[in-house]
Amino acid sequence: MIKVKDLHKKFGDNEVLKGIDCEIQSSEVVCVIGPSGSGKSTFLRCLNMLESITSGDVEVDGQNLKDPKTNINMVRTEVGMVFQQFNLFPHKTVIENIMLAPEKVRKISSSEARERGLKLLEKVGLSEKADQYPSSLSGGQQQRVAIARALAMEPKLMLFDEPTSALDPELVGEVLEVMKQLALEGMTMVVVTHEMGFAREVADRVLFMDEGIIMEEGKPEQIFSNPKSERTKEFLNKVL
Amino acid sequence: MEGRFNWAGVIEFIPELGTGLYYTLLISIVGLLIGFILGAIFGLGRISKNKLFYGISAVYVEVIRGTPVLVQAIWIFFALPLITGYNMDSVMAGIVVIAINSGAYIAEIVRGSVQSIEKGQVEAGRSLGLSQNQTMRYIVWPQAFKRMIPPLGNQFIISIKDTSLLSVILVPELMFQGRLIASNYFNAVEIYTTVAVFYLFITLTLSYVLRIVERRLDVQ
């Protein structure tokens, strides 16, 4: 599903990613952990070209993102993304937030988009909020709507950029529950997170990033109970 | 003091003042409509990555903002025909002046409002597969438009008052009619007061309408 080869990303003179190599299979759930500033989010954002790639190759769903012939909008329809700050459209109701892209990009009818949207709202437990505006929802509810909005495109892959970092602690659980459900259904997921419990329980694989490279990767049990690198040990000691 | 001013006599000049009001409204409405379109185009130009479009927009805004309306009016009515050889009638010239003048200020309003929309909104739209244009049209513009209303209202009121300067290029608008009457009938106090009240009537009505629009758009 994803092949990354020697990915480098610079912001001016500041090299944030210093050569990332990684492959992610279909239906795999990969959690990316690491200290802030390690390049986790930048790595994630390179996977759907929200950040341009300085050098190296990124292939998503068989399409090379650096190839000028690749239609990036088409690739993005297959790659859902959930943001730390939710980024719901405040001028649209919950259901309109979800219907917009399927209608305008997938060109499905408004009634079909609505039906799809309502089904997804039911899935994330927010059926009764369909006609409300995002501002009247709690953070956890907004994030669940954002997940439903991304799923409405029926993507093959979902990217999560610290989806629970902006939430009050008591709202984190409801969002993680939805993500866990999604993982169980076989969605391919890349999750940048500080929720070590989630990573341990749900991930098939954990990547530990530090200073722009993947320091260590492995099964969650191995990373959490028996980390090989000193940096991983140090990091886990601080956060666990 | 009693009886020094003939206020009742103003009634007699209502037809002339009505004609003036008509031209003031005509030039304001048509001029601002075109000005808004110019403002939207050049406002987006000032945030465009296209260097040529950006350059043209920047020059337009700086030149218009940096010169007085009165100079622009006189230049367009008296100087431009000497260059082009084409005589514009004064009403047309008035509309052009208001359009290009308000357009420059509106461009800055559009630019500021669009830039004030959080980057995350664009990223959310693009990550769903919407093109840049679709993201602008369905996500950024509706939100930016709402933020434009108060400064746009301000600019509309300024431009409406600026139409009074068009009397110097012989546009038969309100101020022009007032001067004509006052110089013939020596009733400056009555006529210029009436003219002022007419302007106030237009701007207060506009303020009221804008408040309603603002409340309507504030649905959340």
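Rules of the game
- Residues numbered from 1 in each chain as written.
- Chains lettered and ligands numbered in written order.
- Predicted model: local features only at pLDDT ≥ 70, side-chain atom pairs only at ≥ 80, totals over all residues.
- Heavy atoms only, no water.
- Helix = DSSP H or I, 4+ residues; strand = E, 2+ residues; numbered from the N terminus.
- Buried < 20%, exposed > 50% of the residue type's maximum accessible area, 1.4 Å probe, protein only.
- Areas by Shrake-Rupley, 256 points an atom, 1.4 Å probe, with all protein chains shown as cover.
- Lys, Arg positive; Asp, Glu negative; His and termini not counted.
- Charge placed at Lys NZ, Arg CZ, Asp CG, Glu CD.
- Pairing = 2+ DSSP bridges.
- Axes fitted to C-alpha atoms, helices over the stretch in contact; angles between N-to-C directions.
- Contact = heavy atoms within 4.5 Å.
- Parallel < 35°, antiparallel > 145°, perpendicular 65-115°, else oblique.
- Left-handed = near helix turned anticlockwise from the far one by under 90°.
- Nonpolar A, V, L, I, M, F, W, Y, C, P; charged D, E, K, R; others polar.
- UniProt positions renumbered as here; feature names shortened; annotations may be inferred.
- Phe/Tyr/Trp six-rings, centres within 6.5 Å; stacked < 30°, edge-to-face > 60°.
- Lys NZ or Arg CZ within 6 Å of the ring centre and 35° of its normal.

A. Quick peek at the overall build of chain B. When its secondary structure is counted, chain B shows eight helices and zero strands. The order of helices and strands in chain B, counted from the N terminus, is α-α-α-α-α-α-α-α. Dimensions of chain B, computed from C-alpha atoms along their principal axes, come out at roughly 75 × 50 × 25 Å. Burial status across chain B gives 45% buried among its 220 residues. Of the roughly 11800 Å² that chain B leaves accessible, carbon and sulfur atoms contribute 67%. Once the 16 positive and 13 negative side-chain charges of chain B are each reduced to a mean point, those two points are 15 Å apart.

B. Molecular detail of the sheet that holds strand β10 (residues 213–218) of chain A. Residue and element names in this part refer to chain A. Read across the open sheet, the six strands follow the order β6-β7-β8-β3-β9-β10; overall the sheet is mixed. For this open sheet the edge positions go to β6 (79–82) and β10, each flanked by a neighbour on one side alone. Pairs of neighbouring strands in the sheet enclose a mean axial angle of 20°, with direction left out of account. Along the sheet, helix α5 (residues 139–151) makes contact with β6 and β7 (157–161), crossing β6 at roughly 170°. Across the sheet, helix α6 (residues 169–184) lies against β3 (29–33), β7 and β8 (188–192), angled at about 145° from β8, the strand it touches most.

C. Layout of the packing of helix α5 (residues 119–127) of chain B against helix α6 (residues 132–162) of chain B. Residues and elements named next belong to chain B. Where α5 contacts α6, the two axes come as close as 9 Å, and the packing angle between them is 140°. The pairing of α5 with α6 is recorded here as oblique in orientation. As α5 runs across α6, the sense of the crossing is right-handed. Here Q121, V122, G125 and R126 of α5 come into contact with α6, specifically with Q132, T135, I139, V140 and Q143. In terms of residue class, the contact of α5 with α6 is made up of three nonpolar, five polar and one charged.

D. Spatial organisation of the UniProt feature "domain: ABC transmembrane type-1" (unreviewed entry) in chain B. The UniProt record marks residues 21–210 of chain B with the feature "domain: ABC transmembrane type-1" (unreviewed entry), using the residue numbering of this structure. The span residues 21–210 of chain B carries 83% helix and 0% strand; its end-to-end C-alpha distance comes to 20 Å.

E. How the structure looks around the packing of aromatic side chains. Per the stated rule, a full pass over the model turns up seven aromatic pairs over all chains. Seen in terms of ring centroids, A:F208 and A:F235 are 5.2 Å apart; in terms of plane orientation they differ by 40°. Their pairing is tilted. Residue A:F208 is located in strand β9 (residues 205–210), and its partner A:F235 is located in helix α9 (residues 230–239); the two are separated by 27 residues in the primary sequence. Judged by its relative accessible area of 0%, A:F208 falls in the buried class. Ring plane angle 70° and centroid distance 5.0 Å describe the contact between B:Y22 and B:Y23, whose orientation is recorded as edge-to-face. Among the residues examined, B:Y22 registers a relative accessible area of 48% and is labelled partly exposed. A relative accessible area of 23% places B:Y23 in the partly exposed class. Over the face of the ring belonging to A:F89 we find A:R149, whose NZ or CZ atom lies 4.4 Å from the ring centre.

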